[in-house]
Amino acid sequence: WLEAQRLWLSLHPLYSRDERLRDELPDETAEFDACDNVMRRVLGDAEASPSALKACMVEGRWDELRRVRVALEGCAAALSDHLSRSRRLCPRLSMLSNTQLLGVLSCGPTPREVDRHINALTSSVAAIEWLDVLEAESGSEPSLDGGVAVASAVAVVGSDGEKVPLAAPLMCGGA
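Residues numbered from 1 in each chain as written. Predicted model: local features only at pLDDT ≥ 70, side-chain atom pairs only at ≥ 80, totals over all residues. Heavy atoms only, no water.

1. Describing the pattern of salt bridges
Turning to step 1, where the next piece is worked out: The full count for this structure, using the stated rule, is nine salt bridges.
Turning to step 2, where the next piece is worked out: Close ionic contact of R61 with D45 constitutes a salt bridge, the shortest N to O distance being 3.1 Å. Note that R61 is positioned in helix α5 (residues 61-89) and D45 in helix α3 (residues 26-48), a separation of 16 residues in sequence.
Turning to step 3, where the next piece is worked out: Residue classification places D45 among the partly exposed positions, given a relative accessible area of 34%.
Turning to step 4, where the next piece is worked out: For R61, the salt bridge is made with E64, and the minimal N-O distance between the two is 3.7 Å. Taken together, the residues R61 and E64, both in helix α5 and three residues apart, mark about one turn of the helix.
Turning to step 5, where the next piece is worked out: Given the relative accessible area of 3%, R61 is considered buried.
Turning to step 6, where the next piece is worked out: Where salt bridges share partners, they join R41, D45, R61 and E64 into one cluster. (Salt bridge = Lys/Arg side-chain N within 4 Å of Asp/Glu carboxyl O. Helix = DSSP H or I, 4+ residues; strand = E, 2+ residues; numbered from the N terminus. Buried < 20%, exposed > 50% of the residue type's maximum accessible area, 1.4 Å probe, protein only.)

This is the structure in C-alpha coordinates:
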(Lines give C-alpha, C1' and ligand atoms only; values in the text may rest on other atoms or scores of the structure.)
Protein backbone atom coordinates (compact mmCIF):
# COMPACT_ATOMS: atom_id res chain seq x y z
CA TRP A 1 0.00 0.00 0.00
CA LEU A 2 2.66 2.49 1.05
CA GLU A 3 4.86 1.89 -2.00
CA ALA A 4 1.95 2.40 -4.39
CA GLN A 5 0.85 5.51 -2.51
CA ARG A 6 4.39 6.95 -2.42
CA LEU A 7 4.83 6.48 -6.18
CA TRP A 8 1.39 7.85 -6.90
CA LEU A 9 2.03 10.96 -4.78
CA SER A 10 5.38 11.63 -6.47
CA LEU A 11 4.02 11.23 -10.02
CA HIS A 12 0.64 12.89 -9.51
CA PRO A 13 1.71 16.53 -9.90
CA LEU A 14 3.66 15.69 -13.05
CA TYR A 15 1.21 13.52 -14.94
CA SER A 16 -1.94 15.33 -13.84
CA ARG A 17 -0.92 18.98 -14.38
CA ASP A 18 1.74 19.05 -17.10
CA GLU A 19 -0.15 19.14 -20.41
CA ARG A 20 3.03 18.97 -22.46
CA LEU A 21 4.12 15.80 -20.66
CA ARG A 22 0.65 14.35 -21.16
CA ASP A 23 0.96 15.04 -24.90
CA GLU A 24 4.46 13.59 -25.18
CA LEU A 25 3.76 10.43 -23.14
CA PRO A 26 0.13 9.59 -24.02
CA ASP A 27 0.30 5.85 -23.21
CA GLU A 28 1.93 6.42 -19.84
CA THR A 29 -0.51 9.22 -19.10
CA ALA A 30 -3.43 6.90 -19.77
CA GLU A 31 -1.82 4.30 -17.50
CA PHE A 32 -1.27 6.91 -14.80
CA ASP A 33 -4.88 8.10 -15.09
CA ALA A 34 -6.11 4.53 -14.54
CA CYS A 35 -3.84 4.21 -11.47
CA ASP A 36 -5.01 7.61 -10.25
CA ASN A 37 -8.63 6.44 -10.36
CA VAL A 38 -7.78 3.28 -8.40
CA MET A 39 -5.76 5.17 -5.78
CA ARG A 40 -8.51 7.76 -5.29
CA ARG A 41 -11.08 4.99 -4.84
CA VAL A 42 -8.85 3.01 -2.44
CA LEU A 43 -8.04 6.08 -0.36
CA GLY A 44 -11.71 7.08 -0.35
CA ASP A 45 -12.61 3.60 0.91
CA ALA A 46 -9.92 3.87 3.60
CA GLU A 47 -11.19 7.27 4.70
CA ALA A 48 -14.74 5.95 4.96
CA SER A 49 -13.70 2.85 6.88
CA PRO A 50 -13.85 2.96 10.68
CA SER A 51 -10.78 0.73 10.89
CA ALA A 52 -7.46 0.86 9.03
CA LEU A 53 -7.24 -2.92 9.30
CA LYS A 54 -10.63 -3.36 7.61
CA ALA A 55 -9.61 -0.96 4.84
CA CYS A 56 -6.48 -3.04 4.19
CA MET A 57 -8.24 -6.39 4.31
CA VAL A 58 -10.73 -5.75 1.50
CA GLU A 59 -10.72 -8.76 -0.80
CA GLY A 60 -8.45 -8.22 -3.81
CA ARG A 61 -6.93 -5.04 -2.37
CA TRP A 62 -3.39 -6.47 -2.16
CA ASP A 63 -3.39 -7.56 -5.82
CA GLU A 64 -4.97 -4.30 -6.93
CA LEU A 65 -2.32 -2.20 -5.17
CA ARG A 66 0.46 -4.45 -6.47
CA ARG A 67 -0.77 -3.90 -10.05
CA VAL A 68 -0.95 -0.14 -9.43
CA ARG A 69 2.61 -0.12 -8.03
CA VAL A 70 3.97 -2.00 -11.05
CA ALA A 71 2.12 0.32 -13.47
CA LEU A 72 3.36 3.42 -11.65
CA GLU A 73 6.93 2.10 -11.77
CA GLY A 74 6.50 1.89 -15.55
CA CYS A 75 5.23 5.50 -15.62
CA ALA A 76 8.24 6.61 -13.55
CA ALA A 77 10.65 4.78 -15.89
CA ALA A 78 9.04 6.39 -18.97
CA LEU A 79 9.33 9.79 -17.33
CA SER A 80 13.00 9.18 -16.55
CA ASP A 81 13.65 8.17 -20.19
CA HIS A 82 11.83 11.29 -21.39
CA LEU A 83 14.01 13.50 -19.19
CA SER A 84 17.18 11.73 -20.34
CA ARG A 85 16.28 12.46 -23.98
CA SER A 86 15.77 16.12 -23.12
CA ARG A 87 19.15 16.25 -21.40
CA ARG A 88 20.86 14.73 -24.45
CA LEU A 89 19.30 17.42 -26.68
CA CYS A 90 20.52 20.21 -24.41
CA PRO A 91 23.45 19.26 -22.13
CA ARG A 92 22.96 22.34 -19.91
CA LEU A 93 19.80 20.67 -18.66
CA SER A 94 21.98 18.01 -17.01
CA MET A 95 22.56 20.47 -14.15
CA LEU A 96 18.87 20.47 -13.25
CA SER A 97 17.04 18.11 -10.95
CA ASN A 98 14.17 16.16 -12.49
CA THR A 99 11.67 18.51 -10.83
CA GLN A 100 13.45 21.60 -12.17
CA LEU A 101 13.80 20.07 -15.62
CA LEU A 102 10.10 19.26 -15.77
CA GLY A 103 9.40 22.82 -14.72
CA VAL A 104 11.55 24.20 -17.54
CA LEU A 105 10.14 21.81 -20.15
CA SER A 106 6.58 22.68 -19.17
CA CYS A 107 7.32 26.37 -19.87
CA GLY A 108 7.30 25.76 -23.63
CA PRO A 109 4.18 27.73 -24.47
CA THR A 110 4.91 30.41 -21.85
CA PRO A 111 8.58 31.43 -22.03
CA ARG A 112 8.23 33.94 -19.18
CA GLU A 113 7.84 31.01 -16.81
CA VAL A 114 11.49 30.10 -17.42
CA ASP A 115 12.44 32.96 -15.08
CA ARG A 116 11.52 30.73 -12.12
CA HIS A 117 14.29 28.34 -13.17
CA ILE A 118 16.86 30.71 -14.65
CA ASN A 119 19.29 30.47 -11.71
CA ALA A 120 19.45 26.71 -12.12
CA LEU A 121 20.20 27.09 -15.83
CA THR A 122 22.86 29.79 -15.57
CA SER A 123 25.02 30.92 -12.70
CA SER A 124 25.16 34.61 -13.57
CA VAL A 125 21.68 35.44 -14.89
CA ALA A 126 18.99 36.29 -12.37
CA ALA A 127 16.15 37.19 -14.73
CA ILE A 128 15.10 38.07 -18.23
CA GLU A 129 13.27 41.30 -18.97
CA TRP A 130 10.27 40.69 -21.20
CA LEU A 131 8.11 42.73 -23.53
CA ASP A 132 4.80 41.52 -24.95
CA VAL A 133 4.53 41.89 -28.70
CA LEU A 134 1.30 41.41 -30.60
CA GLU A 135 1.73 38.99 -33.49
CA ALA A 136 -0.92 38.17 -36.09
CA GLU A 137 -2.03 34.57 -35.96
CA SER A 138 -1.93 34.26 -39.74
CA GLY A 139 1.72 35.31 -39.89
CA SER A 140 0.89 38.66 -41.49
CA GLU A 141 1.20 42.09 -39.89
CA PRO A 142 0.18 42.34 -36.22
CA SER A 143 -3.33 43.56 -35.61
CA LEU A 144 -5.36 44.25 -32.50
CA ASP A 145 -8.30 42.13 -33.64
CA GLY A 146 -6.55 38.91 -34.68
CA GLY A 147 -3.23 38.90 -32.90
CA VAL A 148 -1.77 37.00 -29.98
CA ALA A 149 0.73 38.26 -27.42
CA VAL A 150 4.21 36.82 -27.85
CA ALA A 151 6.91 37.36 -25.25
CA SER A 152 10.11 38.97 -26.47
CA ALA A 153 13.25 39.08 -24.35
CA VAL A 154 14.64 42.62 -24.34
CA ALA A 155 17.29 42.46 -21.60
CA VAL A 156 19.15 40.10 -19.30
CA VAL A 157 19.51 40.93 -15.62
CA GLY A 158 22.62 39.59 -13.94
CA SER A 159 22.76 38.10 -10.46
CA ASP A 160 24.61 41.27 -9.40
CA GLY A 161 21.68 43.41 -10.61
CA GLU A 162 23.37 44.64 -13.80
CA LYS A 163 20.92 44.92 -16.69
CA VAL A 164 22.23 44.25 -20.19
CA PRO A 165 19.84 45.24 -22.99
CA LEU A 166 19.76 43.00 -26.04
CA ALA A 167 20.64 44.57 -29.41
CA ALA A 168 17.18 43.65 -30.69
CA PRO A 169 14.15 42.00 -29.05
CA LEU A 170 14.38 38.22 -29.14
CA MET A 171 11.01 36.65 -29.93
CA CYS A 172 10.43 33.61 -27.72
CA GLY A 173 7.76 31.09 -28.50
CA GLY A 174 6.81 27.75 -27.11
CA ALA A 175 8.02 24.51 -28.56
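2. A short note on the nonpolar core
Turning to step 1, where the next piece is worked out: In terms of nonpolar packing, the biggest core is built from 34 residues, with L11, Y15, F32, V68, L72 and L79 touching the most fellow members.
Turning to step 2, where the next piece is worked out: Secondary structure elements with two or more residues in this core: α1 (2-17), α3, α5, α6 (98-105), α7 (118-121), β1 (125-136) and β2 (147-158).
Turning to step 3, where the next piece is worked out: Considering every element that reaches this core, the biggest residue donor is α5, with eight residues.
Turning to step 4, where the next piece is worked out: With residues near it in sequence (within four places) discarded, V68 still touches A4, C35, V38 and M39. (Core = buried A, V, L, I, M, F, W, Y, C linked by side-chain atoms within 4.5 Å. Contact = heavy atoms within 4.5 Å.)

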